[in-house]
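Per-entry structural report
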Amino acid sequence: MTIIGLVIVLSMIIMMVLGPWVSPYDPTKSNVSPPPNPSPPNADFPLGTNLLGQDMLSRVLCGGTIMLQVALLSVLFCFIIGVPVGLLASYAGGIIDKIFTLVMDSFYAFPGLVLAIAIAAMMGRGVVNMALSIAVVYVPSYYRIVRSQVLTIKELPYTEAARATGARGRTILLRYILPNVIPSIVVVATVNFADAILTAAGLTFVGLGVGIDIPDWGWDLTKGRELLPSGAWWVITFPGIMIVLLALGFTLIGEGLSELLNPRLEQ
Amino acid sequence: MISLPLLEIDSLTVDYRTRRGNIRAVNNVSFTLEKGEMLGLVGESGSGKSTLGLSIIRLVPHPGVIVNGHIKIDGTDILNLSEEEMRAIRGKKVAFVFQDPMTSLSPVKKIGAHFVELIRTHEPDINKEEALKRAMATLNDVGILPERINDYPHQFSGGMRQRILIALAIALNPDLIIADEPTTALDVIVQAKTLDLLKSLRDTHGMALILITHDLSIVLERCNKILVMYAGDFVEYADSKELHRNPEHPYTRGLLRSIPNVELADQKLEAIPGSPPDLLNPPKGCHFWPRCSYANGKCRVEKPPITESNLGHFVRCFKENV
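Residues numbered from 1 in each chain as written. Chains lettered and ligands numbered in written order. Predicted model: local features only at pLDDT ≥ 70, side-chain atom pairs only at ≥ 80, totals over all residues.

A short note on the overall build of chain B
- Across its full length, chain B holds 10 helices and 12 strands.
- Taking 2.2 N^0.38 as the reference for a compact globule, 322 residues should give roughly 20 Å; the C-alpha atoms of chain B span a radius of gyration of 20 Å, in line with that estimate.
- Its C-alpha atoms give chain B principal-axis dimensions of roughly 65 × 50 × 50 Å. (Helix = DSSP H or I, 4+ residues; strand = E, 2+ residues; numbered from the N terminus. Rg over C-alpha atoms; globule rule 2.2 N^0.38 Å.)

Okay, structure coming up:
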């Protein structure tokens, strides 16, 4: 499963890297095809064109970068915020743990996408802003995983044994607890990656993505939806398939990793 | 010059302050341990023996509190030390071997990393290579192939892991090792081997050893001294030969009678009737009287004092030679 996921994700990344060189037309240039537009798939434009007369094949080849950047950044933000906060708060325990858990849990009260849209709308467009608004939605799940792991590991004999050898609190947290938490976080991160891609698509869909001049599957979805009633299925289908594939790839990696990193299934 | 005992515990009292009430896990226990001595600390679950062991490194788990007494190591009362000074004692002067070898090693750390962590906590000047070299020598001492230093804990069996834990305990040449039921999780043959290993390490390294166990039979033949605890109380303390030959407390006698003896084929194994008291509401007087066949009216109201019946043989009972 991990292999299939890896193959999907890697080939997508290769495609995005090579996209600008192999795409037959400039994906940002309008009216590369003579009207009428959108035109269905044909010999010159294998995936058809959109309303602006842009080549869909070129846009599909180049359009994944924004989404991947947003997803990567948001996972990175989640990691940077969720893991240390979760570690420290739950290791400290008591009132600190209670306060942080309450705050984090309150994020769950909002539907994720709605919250991300609200935050993105507040902060304005841009890759970093999109990533941040997605991170806000997913930090609580990191916090929760880290917390539950810390609470378990904190009571395990090997942390007690470490304490009995004179280890400092800091050492126990960084050398004994953190390495045992990492596997679970990696799994959450990969699953979260897929979610982040879909949320990024959602943000672009409601017009909070980057500009129209940058090829992006999310934008093509938005525009394609408007064209769908007129029968132009190709504008929405191909970017849609790409988003689903990328999300699927990351989900498969996550599933595979969680099996791989489970020590009981090792060997 | 009189040499100080290695460990001197004086009227130690430890409470667990639970929501349902105060539990006195260790009640006014005193004893001393000389350098190189091997003490068996015997009692059933809930007798306070593990709590007593953990108090010596000041790691009684929450909500446990040491409410009274002194614990002196080489004459220094550790209850007055700062946390930082205490850390310097743990692992270096007093090492602890825990009960469950399966979970006492971090599953994501190689065996060598455990040693490096321990050695460099106490001797920060030592570099990693040197620490690993020392680790390999120590592993060799406990009968684990030194090459296996780069293996992970899950690649070892339970008995091997317990030997690794013992190696970790002796790595810094402590003066005292406290082993809390080190063999309970192991099968009988590995159990005997592990105990013999501990004993031979004590002989070669000259460290003192406190062996905490619920099984009197395994300490009788290996330890010099035996301390029996019951429901937080000091019950009996004596040389192990003396205790075997001449047990005075009814509880100790009961424990001895419940050890099978192959030479006396027709001997019936006797169990001590009843179960240990609820420490939230301990019985008045002697904690053992509800299960004691010798109990009289006095035992129910007054706690017996500790008396020295023979030289170095202390017992907490009203009866003399019951």
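Examining helix H6 (residues 127-154) of chain A
- Look at H6(A): 38 Å from first C-alpha to last across 28 residues, which is about the 40 Å you get at 1.5 Å a residue.
- The largest bend in H6(A) comes to about 40°, at Val137(A), with the proline Pro140(A) one to four residues further on. (Expected span 1.5 Å × (residues − 1). Bend = angle between axes of the 7 residues up to and from the residue.)

Remarks on the pairing of strand S8 (residues 208-213) of chain B
All names here are of chain B.
- With respect to burial, S8 is a largely interior element, 6 of its 6 residues being buried.
- In this sheet, S8 lies alongside strand S3 (residues 38-42) in parallel orientation, the contact comprising 5 bridges. Bridge assignment links Leu39 to a residue of S8, and that residue is Ile210. (Buried ≥ 20, exposed ≤ 12 C-beta atoms within 10 Å, placed from the backbone. Pairing = 2+ DSSP bridges.)

What about unusual backbone geometry?
Residue and element names in this part refer to chain B.
- At the junction of His62 and Pro63, the peptide bond is cis and its omega measures out at 0° in the coordinates.
- Phi at Asn173 is positive, roughly 55°, even though this residue is not glycine.
- On the secondary structure map, Asn173 appears in the loop between helix H5 (158-170) and strand S7 (176-180).
- By C-beta crowding, Asn173 is classed as exposed, having 12 other C-beta atoms within 10 Å.

Observations concerning helix H1 (residues 49-56) of chain B
- Summarising burial for H1(B): 8 of the 8 residues are buried, a large majority.
- Of the residues flanking the end of H1(B), it is Arg58(B), one or two places downstream, whose phi is positive at about 55°.

Here's the deal with the packing of helix H8 (residues 169-205) of chain A against helix H10 (residues 233-260) of chain A
Residues and elements named next belong to chain A.
- The interhelical angle for the contact between H8 and H10, taken along N-to-C directions, is 165°, at an axis separation of 7 Å. As summarised for this structure, H8 and H10 are arranged roughly antiparallel, according to the angle between their axes. Viewed along their axes, H8 and H10 form a crossing whose handedness is left-handed. Seen from H8, the contacting residues are Val186, Val187, Thr190, Val191, Phe193, Ala194, Ile197, Leu198 and Ala201; seen from H10, they are Ile243, Leu246, Ala247, Phe250, Thr251, Ile253, Gly254, Leu257 and Ser258.
- Here the residues of the contact of H8 with H10 are counted per class, giving 14 nonpolar, 4 polar and no charged. (Axes fitted to C-alpha atoms, helices over the stretch in contact; angles between N-to-C directions. Parallel < 35°, antiparallel > 145°, perpendicular 65-115°, else oblique. Left-handed = near helix turned anticlockwise from the far one by under 90°. Contact = placed C-beta atoms within 7 Å. Nonpolar A, V, L, I, M, F, W, Y, C, P; charged D, E, K, R; others polar.)

Focus on the interface of chain A and chain B
- Taken together, the contact between chain A and chain B spans 17 residues of the former and 22 residues of the latter.
- Going through the elements one at a time, helix H7 (157-164) and H8 of chain A are the ones with two or more residues in the side of chain A that touches chain B.
- At 6 residues, the largest contribution of residues to the side of chain A that touches chain B is made by H7(A).
- Its residues assigned to classes, the side of chain A that touches chain B shows 9 nonpolar, 3 polar and 5 charged.

So, the confidence of the model for chain A
- Per-residue confidence for chain A gives a mean pLDDT of 83; residues scoring 70 or more make up 96%.
- Confidence, read as mean pLDDT per element, is least for helix H9 (residues 217-227) of chain A in chain A (79) and greatest for helix H4 (residues 94-107) of chain A (91). (pLDDT = per-residue confidence, 0-100.)

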